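Take a look at the letters that make up each chain.
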Amino acid sequence: MADPVVFKNGFFALSTGVAITHFGNIKEVTLPISHEELDDAVMGDNAKVMFPGIQSGEAVTVRLKQDFTTGSVDSKLWTIFNGKKLCFFKARAVNGAVSSSNPSYLGRGYVMNYPPISGGHGVALETTISIRLASGSSITRSTTT
Amino acid sequence: MGDPVVFKDPEIYLGGFRLTRAHNQFAMEASFQENKDERFGDQARAFYPGVMVARASGGGFFAAGAGEIDTVVAARIGSGTAWPLSCCPVGDVDGQVAYDIEVGQYSYRFGARHGESLPFTLGHTLRDGNGLVRSTIVLPRASRVGNVTGTGRQLGALSAAQKLVAVLHVFAATGGSITFTVESDDNAGFSSATTRLTFTAASGITRQVLELSGPVTDDRWRVVGTGPGVTHEAFATLAIL
């Protein structure tokens, strides 16, 4: 059995262009993939039978270390968020080349939520964004891109 | 990678009052309403960003008196008058980032058990269609006498679809009135500066938000105050939306 993937060097990219690079300052990524459960029970079934529908499109959430330096987290996120930019996102367990053992999960969506400033006195500022899938997109898996 | 932003030196200004020292927590947040956008052919529930929902909130220690949180806010609870709320997350530094929002205060709470330092929490509700605005500090708060010229910043030209938003907080003005204006130019020396916006003359604590519609080809902007002999303390930001 393979060793666990200690999630310490994950890859997450968010960009308005297809050629996307690691965003940096990432502390946590949650990429929920689930399908809606459609009732598929018919007479004769003795149990509640379900069939997978479309992806439920739960928000992808990313927690980042905040940085107000020019060209860093805050300015990049604000440009994407406030401009309602359609973004490509891509996540991998390890920030290394995509492969069969390090697949990418990809999608396109909009950053729907951005709290630039939030915290009590003395904390290290963080921000958590949520991304919703855009029409025409779903979360896909790739071992080549 | 940069050091963390330790949230210890922000500045919080509400309508010409510096409320930084009243606070020990603060948040500004914006989100878009998630409008359903799925169509046949989609393999997932899809959404499109609708209108912005922006809010701010803070909390700290209750105090009443001139310029204190309770005295500033109590009269505004339930008032429809919008005041600009500005937060400089890494300090009030010329050229640094600030976030501005025009708000009313409809939610104010304080209370504690016997013996505690009385805390308050305050909610700010959006009163302006621009929502949360990311801006650049062009006139840091400082006590000054007479005319003042803020640093020119190359924020960019305004297209026909864009606008400039100028936020002014005047914390004090004595000995007359001072008029702040927003100037633009196409060169760093502002040798041919054009006055684009003029704030109402200030002779005491006041605040104002002005907007300038594009197009404007000048890409450099600054704030200038004219009030010979006036002792004043003001802060201004500019943002292009």
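Scroll up to find the structure this text is about.
Residues numbered from 1 in each chain as written. Chains lettered and ligands numbered in written order. Predicted model: local features only at pLDDT ≥ 70, side-chain atom pairs only at ≥ 80, totals over all residues.

Here we look at the overall build of chain A
At step 1: Helix and strand counts for chain A stand at 1 helix and 9 strands.
At step 2: Ordered by position in the sequence, the α and β elements of chain A form the string β-β-β-β-β-α-β-β-β-β.
At step 3: Structurally, chain A occupies a C-alpha span of about 65 × 35 × 30 Å along its principal axes.
At step 4: With 145 residues in all, chain A has 31% of them scored as buried.
At step 5: When contacts within chain A are restricted to residue pairs at least 6 apart in sequence, those whose partners lie at least 24 apart make up 60%. (Helix = DSSP H or I, 4+ residues; strand = E, 2+ residues; numbered from the N terminus. Buried ≥ 20, exposed ≤ 12 C-beta atoms within 10 Å, placed from the backbone. Contact = placed C-beta atoms within 7 Å.)

What to know about the environment of B:Gly67
Residue and element names in this part refer to chain B.
At step 1: In this structure, Gly-67 sits in the loop between β4 (47-61) and α1 (69-74).
At step 2: With 52 residues separating them along the chain, Gly-67 and Gly-15 place their C-alpha atoms 11 Å apart.
At step 3: When sequence neighbours within four positions are dropped, the list of residues in contact with Gly-67 reads Phe-17 and Val-72.

Details of the interface of chain B and chain A
At step 1: At the junction of the two partners, chain B supplies 34 residues and chain A supplies 37 residues.
At step 2: Mapped onto the side of chain B that touches chain A, the elements with two or more residues apiece are β3 (23-36), β4 and β6 (97-110) of chain B.
At step 3: It is β3(B) that contributes the most residues to the side of chain B that touches chain A, 10 residues altogether.
At step 4: Looking at side-chain class alone, the side of chain B that touches chain A contains 20 nonpolar, 5 polar and 9 charged residues.
At step 5: Pairing of strand β7 (residues 104-120) of chain A with β3(B), which is carried by 6 bridges, proceeds in the antiparallel orientation. Among the inter-strand pairings, A:Asn113 is bridged to a residue of β3(B), identified as B:Ser31. (Nonpolar A, V, L, I, M, F, W, Y, C, P; charged D, E, K, R; others polar. Pairing = 2+ DSSP bridges.)

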